[in-house]
Amino acid sequence: MQTPQETQRTSHHGSTGEAILTTQLPRVFLNCTNTSPISHDPIYPGAFSIKPDFPLVEGRMVHGSGTRPLWRQCPSFLEVKAHDINSPIPDEMTKPSIQPHKAEGGLQPAIELDSEPRPPPKGSLVQCADYARAILACRPFQLSVFGLILWGTNFAAALFDRRGVIVSPAYSILKEDGIPLRTFVRIILRMTWEMSDVELGRDPTVVRATEDVFDDSNPLLFPRFIPGTSRDNNISQDRWWTIGRPLWSSHALLGRGTSVWWAVDAKQNPVILKTSWRSPKRRGEREIYDEIVKIFGGAGRLPRGVVKCFDIAGSDVALRSDTDRQGDFCGVLLSVNDIRGGRSGTNVRGRPYGPAGNAILHRVAFRDVGKPLWKFTCPEQLVRVLLVVLEGEYSAL
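### Description of the overall build of the chain
Looking only at helices and strands, one finds five helices and 18 strands in the chain. Considering only intrachain contacts with a sequence separation of at least 6, the fraction spanning at least 24 residues in the chain is 63%.

The following block contains the structure:
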């Protein structure tokens, strides 16, 4: 199923005059059972040889419908299994003691998994988690992945993020009242026609600055993004413009989800931009570097091999960057709990199936700009860099 045309939305300009694209790309569920999408990973070009049955593909490919899609085109997926035995629903969700409950407005929320000790996840759920891992790695500004799983005559939805997965109850499309079947059709229509990039998991503090050209033969054709530290995006010095592909993007589903980019700031100064998740129990990276400056007695006394901690921009990413009368932050930080629909993460029953706890998105930019270590051209370059790294490590002891 495909949108008949692009949903046109007016483009506008940011505070610095740059164009910000808000046109919704067309989407289609593409039959991908015989070939896997292309990753264009900067380090492992052949990574993610897995293939969902029907990835949700956005945009148009320059070589026509026969071209293999790219993983960065796929914000979501539909996986189809033939038999009921392939259910992704973990065993503890089938117990009578755990039932979905009614939320405000009469909507039925998903069940989170809550059982100790927990049995291992079903193979089909692990397989779908691998698809989500590929999407998050190849779309570094994707915060979560919504997947739809159909097995036998049943279906369920799953939300994958950096702290695990939430699975909905199973619904049978053969139910006599026809409600589950209509719900399944509505989900497909919403994913292809109506849902925005943000609703499908994109970081709301990031916008596209250029159109993407989905060319499977040229990995250097990569769109530019404008990430910030607030959804408001009204503070120009807290925004950056990416250049080319990410230098590094984590392949892990769970954890920090780090991505590193070449970028420029609002004054066109080159920077290295780093985005990652942190535990609320740990300090942000910006605070840690400020502490390093204090330990060495000032910015001018930092040894060789230590990043220029005195010239770092960034902070935790905020959905709302409100401040009180004293100028202290009192807004809402972008966290896994917010992605799951509630600031406390308790609007659905139980705990997520994955590592316990919340995570907060953090973004910093460094003025120390260079090329990745693995791009050395001779052994002497590699040895010199390693010596500088050891010197900085020794100075910090």
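### Considering the confidence of the model for the chain
For the chain, per-residue confidence averages 76 on the pLDDT scale, and 72% of positions sit at 70 or higher. This stretch, residues 94–115, has a pLDDT under 50; its non-local contacts, to residues over four places away or in other chains, come to 54 contacts. This model gives residues 343–352 a pLDDT under 50, and the stretch forms 33 contacts once residues within four places in sequence are excluded.

### So, the side chain of T242
By secondary structure assignment, the location of T242 is in strand β12 (residues 240–249). Within the structure, the side chain of T242 is placed 2.8 Å from the backbone nitrogen of F225, a separation counted as a polar contact. Among residues more than four places away in sequence, those in contact with T242 are F141, P223, R224, F225, P227, W261, W262, A263 and L273.

### A closer look at the pattern of salt bridges
The final tally for this structure, using the stated rule, is 14 salt bridges. Here R133 ties to D130 by a salt bridge, and the two come within 2.8 Å at their closest N and O atoms. Separated by three residues within a single helix, R133 and D130 lie in helix α1 (residues 123–138), roughly one turn from each other. A relative accessible area of 25% means that D130 is categorised as partly exposed. Among the ionic pairs, D265 bridges to R367, the shortest N-O distance being 3.7 Å.

Quick notes on the rules
- Residues numbered from 1 in each chain as written.
- Predicted model: local features only at pLDDT ≥ 70, side-chain atom pairs only at ≥ 80, totals over all residues.
- Heavy atoms only, no water.
- Helix = DSSP H or I, 4+ residues; strand = E, 2+ residues; numbered from the N terminus.
- Contact = heavy atoms within 4.5 Å.
- pLDDT = per-residue confidence, 0-100.
- Polar contact = N/O pair within 3.5 Å; in protein donor to acceptor, adjacent residues only side chain to side chain.
- Salt bridge = Lys/Arg side-chain N within 4 Å of Asp/Glu carboxyl O.
- Buried < 20%, exposed > 50% of the residue type's maximum accessible area, 1.4 Å probe, protein only.

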